[in-house]
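As a plain string of letters, each chain reads:
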Amino acid sequence: MQAPWGAVLVCRPLQSYAEHFFTAASVVLRESQDEWNGLAAFAGVPRDRLRLLNQVHGRSIVKAPVGDDSMWIRPAADGILTADPSVALVVRVADCAPVLLADRRTGAVAAVHAGWRSTMQRIVPAAVERLAAEWGSKPADLMAAIGPSLGTCCGEMGEEVVDAFRSAGHDRAALDRWFIRAPGKRPYFDLWRANREQLEDAGVAADAVHVAGLCTRTHPEIFHSYRAAGAGAGRMAAVIRSRRRRVPVA
Ligand SMILES: [Zn+2]
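Residues numbered from 1 in each chain as written. Predicted model: local features only at pLDDT ≥ 70, side-chain atom pairs only at ≥ 80, totals over all residues.

**Details of the overall build of the chain**
In step 1: Broken down by element type, the chain carries eight helices and 14 strands.
In step 2: Taken against the 2.2 N^0.38 rule, which gives 18 Å for 250 residues, the C-alpha radius of gyration of the chain at 17 Å falls within 12% of a compact globule.
In step 3: Buried positions account for 46% of the 250 residues belonging to the chain.
In step 4: Pairs at least 24 residues apart make up 68% of the contacts formed inside the chain by residues separated by at least 6 positions. (Helix = DSSP H or I, 4+ residues; strand = E, 2+ residues; numbered from the N terminus. Rg over C-alpha atoms; globule rule 2.2 N^0.38 Å. Buried ≥ 20, exposed ≤ 12 C-beta atoms within 10 Å, placed from the backbone. Contact = placed C-beta atoms within 7 Å.)

**A look at the environment of Leu-50**
In step 1: Looking at where Leu-50 falls in the secondary structure, it is placed in strand β4 (residues 50-51).
In step 2: Taking the number of C-beta atoms within 10 Å as the measure of exposure, Leu-50 has 22 and is therefore buried.
In step 3: Put simply, Leu-50 and Ile-123 are 73 residues apart on the chain and 21 Å apart in space, counted from C-alpha to C-alpha.
In step 4: Here Leu-50 is in contact with Ala-40, Ala-43, Val-45, Ala-88 and Val-90, once residues within four sequence places are set aside.

**Examining the confidence of the model for the chain**
In step 1: Of the residues in the chain, 97% have a pLDDT of 70 or more, and the chain-wide mean is 94.
In step 2: In the predicted structure, residues 246-250 sits below a pLDDT of 50 and forms eight contacts with residues beyond four places in sequence or in another chain. (pLDDT = per-residue confidence, 0-100.)

**Here we look at the pairing of strand β8 (residues 97-103)**
In step 1: Here β8 lies mainly inside the structure; seven of its seven residues are buried.
In step 2: Side chains of β8 alternate between two faces, with Ala-97, Val-99, Leu-101 and Asp-103 and Pro-98, Leu-100 and Ala-102 buried alike.
In step 3: Alignment of β8 against strand β9 (residues 109-114), held across six bridges, turns out to be antiparallel. Note on β9: the bridge partner recorded for Ala-102 is Val-109.
In step 4: Counting the residues in the hairpin turn of β8 and β9 gives five residues, including Gly-107, whose phi is positive at 85°.
In step 5: Two elements, β8 and strand β10 (residues 142-146), share five bridges in a ladder whose sense is antiparallel. Paired with Ala-102 across the bridge in β10 is Met-143. (Pairing = 2+ DSSP bridges.)

Printed below as a string of structure tokens:
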């Protein structure tokens, strides 16, 4: 899909249930207010209805406030949800996985910033649980899209990352699936598979989980990548907005 500033990606199945898009390298999304204004316009909301987070690689999920955001101080969290179409949820990434969720029944939506640390802490299942708590969302009604992010091809990690996953309670079989090992090489983390499996374990149908399968590090001309560009890397936004005006009480 084409935005005024360049190409954006959409997940076609998810588009049936929620307005959303993933930006690519054609916007940097740092200080430029023009870029943020353009993003808001494309999302169909005023600039002050974009709901961003102070992302900290944790597992906290917050509910987005509605209305004027003059009192909205970006909370330290990595997941955000709403059922109100007047706001657009935003997470920013550059190698971490952006995960967008939509409830096909109630119209509630969520945006999650899932790097390896938050994936280790099971942030996506936490978002599924919170959608259930807030709006009675059933996992079987959810659809998920995992956007461009670090692929296994470029997911080299230290052994301490595998140890951290083990300490967090992930079993041996999961670690064997999520960390690919070639003889004499360090483990390569499959961020997409880990999140897909956590979604399925949480009750989301396998055919409702859509993975872009595009590695940010492999395509630095198309995407921003922290591993490719370092601390000066631009950021990509994953944006989602509920389509429903009214959400039935569960
Ligand atoms: Zn790659």
